[in-house]
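# Residue-level structural notes
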Amino acid sequence: VIDRQLLLFGDELRAEGVAIGTSELLDAFAALGEVGWDERATFQQALAATLAKSPEDRRVFDLVFERFFFRAAEAAAIEAGVLEAGQGSGGGEGPAGQIDLEELRAQIAQALVDGDEALLRDLARLALAAVGRANDGSGVIGIDVQRIRRMLNLRSDPQPDLPPEDPRHAGLPPEAMRRFEAMLRRELERAQIERTQSLPPSRPLGELDRALPSGPTADLAAVHRVVAQLRRRLATQGVERRGSNRRDHVDIRRTMRASLQTGGVPVVVKYRPRRPRRPEIYVLCDVSTSVTSASVFFLSVLHALHDSFRRMRSFVFIERISEVTDIFARERSFKAVSEAIASDAGVADVSGYTDYGRVWSEFRALVEDDLQPRATVIVLGDARTNGRDPRADIFATIAARAGRTFWLNPEPRLYWNYGDSVIDAYTPYCTAFECWTTRQLEDFVKALTAPVAR
Amino acid sequence: MNALPESVDAVADGLLEAGYLAGGSTALVAYLATRLHKPVLVEGPAGVGKTELAKALATYLGRELVRLQCYEGLDEAKALYEWNYRKQLLRIQAEADGAGWSEVQDDIFGEEFLLARPLLEAISSEIPVVLLIDEIDKTDQEFEAMLLELLSDFQITIPELGRVAATSQPVVLLTSNNSRELTEALKRRCLYLWLDYPTPEHELAIVRLHAPELADTVARKLVEVVAMVRELDLKKPPSIAESIDWARALLLLGSTDIDAATFTDTMSVIVKHRTDIELVAERVGLALA
C-alpha cells in the first residue's frame, strides 16, 4: 500500500514543480527501509532528504506532504469506519461526544509541561475541533490562533487560584506554548487547504522570468548569480584559442611527462596553457529620471560586477559623467552605494535630462589614454537624448578604441527609436541588447563571453 | 572502532559525544548516509557547522577524515590522481639497458606510479574513511561532472590503467554555501540536508556544550543577542563557531552580564566587517542600553 501511496505522492510533488526522478523515488524507498515509520517527523525527514533537494523544494515538499498524507490518513480512517474523536464532538451531540473543555485545558497544560510532541499535535487537532469549528474562524489564521489560545486559557504567567498540582499553577513554559501555537497554526492552515482544495500560493514563478525593476534587494541575489556566471565565463575566456597561435612557451614539465610515452625522447612538445586575458571593463550607467525604475536594476548590476572584477571602472551619468569606482570600492552595501550616488555624484546639472553628446566627450577625455583593444565598454541606458544631438561620431571613436562595445537598453525593443530614443544612431558601433529581466541579462552574459573572432 | 550505526538515536548520541549537537534531521540524514551508502549534500549559510558535521561524523565512526577543499580552478590532477612522472623517469633510466621496451611500457603505468590525491585516496583506502568535499560550489561545473562517476559508483576511471573500484565504502559529505546552483545530476545522486542557523534553544544547548562554565543567564543573553545580530542585514552574519568563541571570550573576561559596554568591547568576536560593526553597534548597542 505504501508503495502506491509514495508513487502518488511523487506525482503530486511533480505536479507542484519539484523535479523528481525515478532514482530519487528509489532512494526514498531505500531510506524508508532503514527508518521506522511510526514517528511522523522521521518519516517526513527521511522522505525530504531523498526527494527535496533545495530550500524551495523543501518548502513545497512540506506543504504537499501535509496535504497528501493528511488526506490519505483521513480517507483510510473513513474506510475503516473510524472517525476522528474531534469530528463527532464538533456537532456537539450527547455528553459522550462532547469534549469537556476544562478537561482539554488540563490535558494540554500537562502535555505542554511534559513536552510530548505527538500528544500535543493530537490535542491541537482536538482543540481545533472543539473551539475552532464551533464558530467559524475569522479566516485570518493569526487571529484564530490567538482566539483559540485564549479560549483554552493558556498563559505563561502563574495562575495561583488553581490547585498547586495543576501545571498551570506555576505558569506554562513559554517555548512549549510557542510550539503549540505553531501546531495550531499548521492545523488551521491545513483546514484552510482542505476547505479551498488548493495549496497556499505555491512558490513564485521562476525568478528569472520576473520583470526586473521591482524590488532591488530581492532581485539583487538573482543579479549576483548571473554576474557570478559572467565572471566565471570571463575567467576562462580565451582558453579555447589555445594552440591556434604558436607563440606559446614550452612547458618543460609536461613535455618530459609526455616524453615518457616515447622512452624519454621529447617527441611531442607541450605548451604552457595560455593564461586567460584579464578583462578590463568600463561601465557607463544612466541614472536619469527616464530610466529611474531601471537604474535601480542597473546599479545592482554594477554593484555585482564590482564584487567580481578588480579591473573595472564605473561611471554614472545624466548630463555630465562622474566616476564612481571609488564609491563602489568603499561602500559594501548596495543601499549605501545608491545613496552615495544619489547625493554626491554630481552628475545632474540644470535640467536633469540626459545629454549623451556631452557625456561621450567627457568620457573620452577621461579615459582616452587608457582605452585599448582589450577593453570592453558597456553602456547601460535608454538612449533617450531629449532632442539633443546624440554625437554618434564621438561614440564611434570610443567604440573604435575599445575592443568591444555593448549597449544594454532597459526598454523593450518595441519602444526603441520611438520618440526621442536614438539607439539606432549608436547601433552601428556597438552591439545592443534589450535588458529588463535577468534572463536577458544572462543572454547578454553569453554574448559578452562568447569567443572573440579575430 | 565502530561498525555501522544501529539507529538514528545512536548517531545523534555519537555525534554529541564528538562535540556536535545534531538538530532537526541532521542525525537522521547522517544515519541514512551510512546505511544507504549515499553521499550527502549539505547546504546552508556559512558557519552553521557543515564542515564540523563531517569532522564529528568521522570521530564518531572512528574513521579517518579525508578532506578535499574545493576552489576555483581545482582540477583532476589535484583532486583525483597524478602520475608520478619523476619516478617513472627514474624507472626508465634504471632499466634502460636490460629490460625490453614493452615491459617498461607496462610497468610505468602501474599503481605504484600513481600519486593518490584525496578522492582516489578515499576510495582506495583499506579501512573505510569519511570523505569531505568542502565548498563544492566553488568549483566549476566541469569538476562537478567529474565527480559523478565517483559519487554514484564509487569508482574512478584512469585512462592508462582502467577502472579503480572502491575497496571500501567511504561516507561522503559535500558541502555548499549555495553560492551557485549545483547541477541536477549531482543533486540526484545525493541525499540532501539543509542546515540553517539554529533556533535559540538549540544554539543555547550548543553554547552550553562548548562553554559549560558560562553562567546560564549570560549564555541565554548571548544567544538572544546573536539572534538579534543575525536579523540585521549584514555582510557576514555571525556563525555558530563565533558565538562559541564569544562565549569563551566572555568566560575569559569573567563577564557576568552582557551590557552595552561589554558588548561594544567584545563585539569584534562575532562581527567582522567595518560597515557591519557600525550597524550592529548602532542597533544592538541601543537595544542593550
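Here is a short report on the structure shown in this document. Everything numeric here is computed off the predicted structure, so don't read it as measured data.

Bringing the interface of chain A and chain B into the picture now. In this assembly, 31 residues from chain A lie in contact with 38 residues from chain B. The contact between chain A and chain B buries some 3,000 Å² in all, and 60% of this surface belongs to carbon and sulfur atoms. Sorting the residues of chain A by area buried against chain B places Glu34(A), Lys53(A) and Leu260(A) first, and these three jointly supply 22% of that buried surface. Our count for the contact surface shared by chain A and chain B stands at four salt bridges. A salt bridge links Arg35(B) to Glu34(A); its shortest N-O distance comes to 3.8 Å. One can count seven residue pairs in polar contact (both at pLDDT 80 or more) joining chain A with chain B. The set of elements that each furnish at least two residues to the side of chain A that touches chain B consists of helix H2 (22-34), helix H3 (40-51), helix H10 (174-196), helix H11 (216-235) and helix H12 (252-259) of chain A. For the side of chain A that touches chain B, the leading source of residues is H2(A), giving six residues. Residue composition of the side of chain A that touches chain B, grouped by class: 10 nonpolar, eight polar and 13 charged.

With that settled, the discussion passes to the packing of aromatic side chains. Residues and elements named next belong to chain A. Inspection of every chain in the model, using the stated rule, returns 19 aromatic pairs over all chains. With 6.1 Å between their ring centres and 45 degrees between their planes, tyrosine 356 and tyrosine 426 make a pair best called tilted. Linking tyrosine 356 in helix H16 (residues 356-367) with tyrosine 426 in helix H18 (residues 423-426), this pair joins segments that are 70 residues apart in sequence. Residue classification places tyrosine 356 among the buried positions, given a relative accessible area of 0%. Since its relative accessible area comes to 0%, tyrosine 426 is described here as buried. Between the aromatic rings of phenylalanine 395 and tryptophan 407, the centroid separation amounts to 5.7 Å while the plane-to-plane angle is 65 degrees, which identifies the pairing as edge-to-face. Placement of the pair is phenylalanine 395 in helix H17 (residues 392-401) and tryptophan 407 in strand E5 (residues 404-409), with a sequence separation of 12 residues. Judged by relative accessible area, phenylalanine 395 falls into the buried class, the value being 1%. Aromatic rings pair up to connect Phe317, Tyr356, Trp360, Phe395, Trp407 and Tyr426 into one cluster.

This next bit is on unusual backbone geometry. In this structure, Ala383(A) is a non-glycine residue whose phi angle is positive, near 60 degrees. By the element assignment, Ala383(A) lies in the loop between strand E4 (375-380) and H17. The exposure class assigned to Ala383(A) is buried, which follows from its relative accessible area of 0%. Phi at Glu135(B) takes a positive value of approximately 55 degrees, unusual for a residue other than glycine. Locating Glu135(B) in the fold gives a position in the loop between strand E5 (130-134) and helix H8 (141-153). The class for Glu135(B) is partly exposed, based on a relative accessible area of 21%.

The subject of this paragraph is helix H3 (residues 50-61) of chain B. All names here are of chain B. Compared with an ideal rise of 1.5 Å per residue, which puts 12 residues at 16 Å, H3 spans 17 Å between its outermost C-alpha atoms and is within 8% of the ideal. Residues Lys50, Leu53, Ala54, Ala56, Leu57, Ala58, Tyr60 and Leu61 constitute the buried set of H3. Directly after H3, the chain includes glycine 62, whose backbone phi takes a positive value near 65 degrees.

All names here are of chain A. Sheet architecture is open: six strands sit in the order E3-E2-E1-E4-E5-E6, paired in mixed fashion. At either end of the open sheet lies a strand with only one pairing partner, and these are strand E3 (321-323) and strand E6 (431-434). Between one strand axis and the next, the sheet turns through 20 degrees on average, direction left out of account. Examined bridge by bridge, E4 and E5 share five bridges and lie parallel to one another.

So, about the environment of Phe406(A). With respect to the helices and strands, the residue Phe406(A) is situated in strand E5. Between the C-alpha atom of Phe406(A) and that of Thr376(A), which follows or precedes it by 30 residues, the distance is 7.8 Å.

Turning next to the environment of Val225(B). Residue and element names in this part refer to chain B. If you trace the backbone, valine 225 turns up in helix H11 (residues 216-231). For valine 225, a relative accessible area of 2% puts it in the buried group. In sequence terms valine 225 and isoleucine 258 are 33 residues apart; their C-alpha atoms lie 9.0 Å from each other.

Attention shifts here to H11(B). All names here are of chain B. The end-to-end C-alpha separation of H11 is 23 Å, in line with the 22 Å expected for 16 residues at 1.5 Å each. Of all the positions in H11, only Val218, Ala219, Leu222, Val223, Val225, Val226, Val229 and Arg230 are classed as buried. Axial view of H11: buried residues confined to an arc of 165 degrees, hence all on one face. Residues of H11 that are exposed and point over 90 degrees away from its buried face: Thr217, Glu224 and Glu231.

Our next topic: the pairing of E5(B). Regular strands place their side chains on alternate faces of the sheet. All names here are of chain B. Taking burial as the measure, the five residues of E5 include five buried ones, the bulk of the element. Side chains of E5 alternate between two faces, with Val130, Leu132 and Asp134 and Leu131 and Ile133 buried alike. Two strands pair when backbone bridges link them, and strand E2 (residues 65-69) and E5 are joined in this way by five bridges, in the parallel orientation. Its bridge partner lying in E5, arginine 67 is registered against leucine 132. Note that E5 and strand E8 (residues 171-176) share four bridges and pair parallel. If you follow leucine 131 over to E8, its bridge partner there is valine 172.

Definitions and cut-offs
- Residues numbered from 1 in each chain as written.
- Chains lettered and ligands numbered in written order.
- Predicted model: local features only at pLDDT ≥ 70, side-chain atom pairs only at ≥ 80, totals over all residues.
- Heavy atoms only, no water.
- Contact = heavy atoms within 4.5 Å.
- Buried area = accessible area lost by both parts, 1.4 Å probe.
- Salt bridge = Lys/Arg side-chain N within 4 Å of Asp/Glu carboxyl O.
- Polar contact = N/O pair within 3.5 Å; in protein donor to acceptor, adjacent residues only side chain to side chain.
- Helix = DSSP H or I, 4+ residues; strand = E, 2+ residues; numbered from the N terminus.
- Nonpolar A, V, L, I, M, F, W, Y, C, P; charged D, E, K, R; others polar.
- Phe/Tyr/Trp six-rings, centres within 6.5 Å; stacked < 30°, edge-to-face > 60°.
- Buried < 20%, exposed > 50% of the residue type's maximum accessible area, 1.4 Å probe, protein only.
- Expected span 1.5 Å × (residues − 1).
- Pairing = 2+ DSSP bridges.
- Axes fitted to C-alpha atoms, helices over the stretch in contact; angles between N-to-C directions.
- Arc of directions from axis to C-beta.

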